[in-house]
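# Breakdown of the fold
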Amino acid sequence: MRQATTMLTIDTTRQGLVDVTQPILRWTHDQHLTEGLLTVFCQHTSASLLIQENAALEVRTDLEAYFARIAPESREYEHDDEGPDDMPAHLRTALTQVQLTIPLIAGRLALGTWQGLYLFEHRRRPHRRTLALHVIGD
């Protein structure tokens, strides 16, 4: 049994879904494991992770619009230290997840045909986000 870890830095340019599939696939492949488990952990409280469809751009657009409706920007939140998008970012993170676990089977992540890995940036301004990757297996 072997394991490996790394920190992956993602620079976001705007609020919304950022496809992080390829850098995660590359790093996992470079570990030369055939069977195991990958964990991806987002070290932030105003960004999150999703496994979602990677084919139709409209899926991402609709997801972003949905989260804007259920956790709208507002000056009515008590927590607004960094502006009106601060507390909605925390709510959106609470409604999604900051950790993903994906099986590694026959040297490949067991993602479905139309699945991609996404960092969901919940703040409007650009940020530098850090994802911790950990793979364990043979």
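Structure: see above.
Being a predicted model, the structure only gives us computed values, none of them experimental.

### Some words on the pattern of salt bridges
- Tallied over the full model, the rule gives eight salt bridges.
- Across the salt bridge formed by D86 and R123, the nearest N and O atoms sit 3.9 Å from each other. Of this pair, D86 sits in helix α3 (residues 86-95) while R123 is found in the loop between β7 (115-121) and β8 (128-137), placing the two residues 37 residues apart along the sequence.
- Given a relative accessible area of 1%, D86 falls into the buried group.
- Taking relative accessible area as the criterion, R123 reaches 3% and is therefore assigned buried.

### Remarks on the pairing of β7
- For β7, a buried count of six out of seven residues is recorded, marking the element as mostly surrounded by other parts of the structure.
- As judged from the seven bridges shared by strand β4 (residues 47-53) and β7, these two strands associate in the antiparallel manner. Bridge pairing links S48 to F120 in β7.

### What about the nonpolar core?
- In terms of nonpolar packing, the biggest core is built from 22 residues, with I24, L38, V40, L119 and L131 touching the most fellow members.
- Of all the secondary structure elements, the ones that give two or more residues to this core are β1 (2-11), α1 (21-30), β3 (36-42), β4, β5 (99-105), β7 and β8.
- Once residues lying within four places of it in the same chain are set aside, the contact partners of L38 are I24, W27, T28, L100, T101, I102, L109, L133, H134 and V135.
- Counting six residues, the second largest nonpolar core, distinct from the first, contains L17, L50, L63 and F67.

### Quick word on the sheet that holds β5
- Pairing is antiparallel across the open sheet formed by five strands, whose spatial order is β1-β8-β3-β5-β6. Here the strands that pair on one side only, and so sit at the sheet edges, are β1 and β6 (108-109).
- Pairing between β3 and β8: seven bridges, direction antiparallel. Looking across to β8, one finds that G36 is bridged to G137.
- Seen against the sheet, α1 touches β1, β3, β5, β6 and β8 and runs at an angle of roughly 155° to β1.

Calculation criteria
- Residues numbered from 1 in each chain as written.
- Predicted model: local features only at pLDDT ≥ 70, side-chain atom pairs only at ≥ 80, totals over all residues.
- Heavy atoms only, no water.
- Salt bridge = Lys/Arg side-chain N within 4 Å of Asp/Glu carboxyl O.
- Helix = DSSP H or I, 4+ residues; strand = E, 2+ residues; numbered from the N terminus.
- Buried < 20%, exposed > 50% of the residue type's maximum accessible area, 1.4 Å probe, protein only.
- Pairing = 2+ DSSP bridges.
- Core = buried A, V, L, I, M, F, W, Y, C linked by side-chain atoms within 4.5 Å.
- Contact = heavy atoms within 4.5 Å.
- Axes fitted to C-alpha atoms, helices over the stretch in contact; angles between N-to-C directions.

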